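Here are the chains, one letter per residue:
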Amino acid sequence: MSQTFTLDDVQGTLKRRDAWWTVLLVDPLASRLVVVTANRTSLTPNQLTFIGLGFGLCAAALFWVGAAWALILGAVLFHISFVVDCMDGKIARLKGNGSVIGGWLDYIFDRIRVLFCSIGLFGGLAYHTGNPWWIWLAFVVVFVDMLRYMDAMQISLVREKMHASVTAACEEAGTDPLSYLGKYAPEEENETVDRRGPMAERTPEQEADAQANLVASVAMQQTFQGRYSWYLSARDWLRGRRIRPHLFSGIEFQMFIFIVGPIAAAILGSWAIAVVTIASAVGLLLFEAVLVYKLVLSTRDMAALVAKLQANKSPQVVDQPS
């Protein structure tokens, strides 16, 4: 007899923290659709990724039409495309049927969707109005979207290297990383998450590595948190609602450009898309600048941690980095 999945099972596969658009406007629908899809169909995560791209390309075609009804319908299809795109990961974690190529497909198809929807939306405006300046907004959207995801990948790589540096310094000093960084360990209730899906289980080694990385991340954010103490209260309030403090990420950027923008244009006129696009680009770049600033401060904290390790080969307790 095949396994029957419940909404509670799907809730256990949700990310610990996610973009507010996903948490508030996507997950409530996607989770319920996953229950139906997992129990009544044999659709795989990769097949859902292709279906999501199909909806996205249909949205691009409607954007090109340019009529008010087409812009609204295109915005709806773009949202559906993103909902389906969010379902594939949940299905993979729920059933344990993810594939190595799945993550690559998800990333590439997302970029393709942004490219074609940019061409459809702004290229259509240029075609219908005879004003080629709309094409420049398409370049802005594609460039900022690309910059965001490239920055995310590079920041992730830098953080991995920072964690590795602290771990290597601990090993050289003969000190367990968790013992050395124990004073920075977050409270259990803030970081423990119910992960009931089959893909959520970790081996003891994986759990130890994850906990060590988590504590290292907290230890390397002391300077930022010390300068901006209000951030901790805001972060904890958002965390309690499963929302990332990075309030205007690549997800919000896309949703505002291809959902809010077209709907606003259908109601107010094409100029509304330009306003939404420029405001969204500025908002995303500002939040990216904050991430880079936090990263710079984190590298200083990491250097202080490593320096103290090297100065004392057998430290018991370390002072908070200045």
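Above this text you will find the structure in question.
Residues numbered from 1 in each chain as written. Predicted model: local features only at pLDDT ≥ 70, side-chain atom pairs only at ≥ 80, totals over all residues. Heavy atoms only, no water.

What follows deals with the pattern of salt bridges. One pass over the structure, following the stated rule, counts nine salt bridges. In this structure, the salt-bridge partner of Asp110 is Arg113, at a minimum N-O distance of 2.5 Å. With a gap of three residues between them, Asp110 and Arg113 both fall in helix α5 (residues 100–129), about one helical turn apart. Arg113 carries the same exposure label as Asp110, and that label is buried. (Salt bridge = Lys/Arg side-chain N within 4 Å of Asp/Glu carboxyl O. Helix = DSSP H or I, 4+ residues; strand = E, 2+ residues; numbered from the N terminus. Buried < 20%, exposed > 50% of the residue type's maximum accessible area, 1.4 Å probe, protein only.)

In the structure shown here, the tally under the stated rule is 16 aromatic pairs. With 6.1 Å between their ring centres and 70° between their planes, Tyr107 and Tyr149 make a pair best called edge-to-face. With Tyr107 in helix α5 and Tyr149 in helix α6 (residues 134–173), this residue pair connects regions lying 42 residues apart in the sequence. Overall, Tyr107 belongs to the partly exposed group, its relative accessible area being 31%. The interplanar angle of 70° and the centroid separation of 6.3 Å between the aromatic rings of Phe224 and Tyr293 together place this pair among those described as edge-to-face. Placement of the pair is Phe224 in helix α10 (residues 222–227) and Tyr293 in helix α13 (residues 271–311), with a sequence separation of 69 residues. The exposure class assigned to Phe224 is buried, which follows from its relative accessible area of 7%. Through successive ring pairs, a cluster of aromatic residues spans Phe224, Tyr228, Trp230, Tyr231 and Tyr293. Its guanidinium or amino end placed over the ring of Tyr107, Arg111 lies 5.1 Å from that ring's centre, counting from NZ or CZ. Positioned above the aromatic ring of Tyr149, the side-chain terminus of Arg111 is 3.9 Å from the ring centre. (Phe/Tyr/Trp six-rings, centres within 6.5 Å; stacked < 30°, edge-to-face > 60°. Lys NZ or Arg CZ within 6 Å of the ring centre and 35° of its normal.)

What follows concerns the environment of Gln225. If you trace the backbone, Gln225 turns up in helix α10. Sequence separation of Gln225 and Leu297 is 72 residues, and the distance between their C-alpha atoms is 10.0 Å. Residues within four places of Gln225 in sequence aside, it is in contact with Tyr231, Leu232 and Arg235. (Contact = heavy atoms within 4.5 Å.)

Applying the stated criterion to the full structure yields zero disulfides. Not engaged in a disulfide, the cysteine Cys117 finds its nearest cysteine sulfur in Cys58; these two sulfurs lie 9.9 Å apart. (Disulfide = S-S within 2.5 Å.)

Let's shift gears to unusual backbone geometry. A positive phi is found at Arg242, a non-glycine position, where the angle reads about 65°. Counting through the fold element by element, Arg242 comes out in the loop between α11 (230–239) and α12 (250–268). Among the residues examined, Arg242 registers a relative accessible area of 18% and is labelled buried.

Below, the discussion takes up empty space enclosed by the protein. In the structure shown here, the tally under the stated rule is three cavities of 30 Å³ or more. What the largest cavity holds in volume is close to 50 Å³. If you go around the largest cavity, the residues you meet are Thr49, Gly52, Leu53, Ser81, Asp85, Asp106, Phe109, Asp110 and Arg113. Going through the elements one at a time, α3 (45–65), α4 (68–95) and α5 are the ones with two or more residues in the lining of the largest cavity. Take the lining of the largest cavity: its biggest share by element is four residues, from α5. (1 Å grid on protein atoms, 1.4 Å probe; cavity = no way out; pocket = protein on both sides within 12 Å on 5 of 7 lines; lining within 4 Å. Points joined across faces, edges and corners; volume = space filled by probe spheres on them.)

With that settled, consider the nonpolar core. With 48 residues, the main nonpolar core has Phe122, Phe253 and Phe258 as its most contacted residues. Every element with two or more residues in this core is listed here: α2 (20–40), α3, α4, α5, α6, α12 and α13. In terms of residue count, the dominant contributor to this core is α4 (twelve residues). The contacts of Phe258, once residues within four sequence positions are left out, are Phe63, Ala75, Phe78, Val114, Cys117, Ser118, Leu121 and Val141. Formed by 19 residues, the second largest nonpolar core is a distinct cluster that contains Val166, Leu181, Met220 and Leu295. (Core = buried A, V, L, I, M, F, W, Y, C linked by side-chain atoms within 4.5 Å.)

Moving on to a nonpolar patch on the surface. On the surface, a cluster of nonpolar side chains totalling about 1000 Å² of accessible area is made up of Val65, Trp69, Ile72, Leu73, Val76, Ile80, Ile263, Ile267, Leu268, Trp271 and Val275. Of all the secondary structure elements, the ones that give two or more residues to the nonpolar patch are α4, α12 and α13. Along the polypeptide, Val275 turns up in helix α13. Judged by its relative accessible area of 46%, Val275 is partly exposed. (Patch = residues over 30% accessible without salt bridge, like charges linked within 9 Å, V, L, I, M, F, W, Y side chains within 5 Å. Areas by Shrake-Rupley, 256 points an atom, 1.4 Å probe, with all protein chains shown as cover.)

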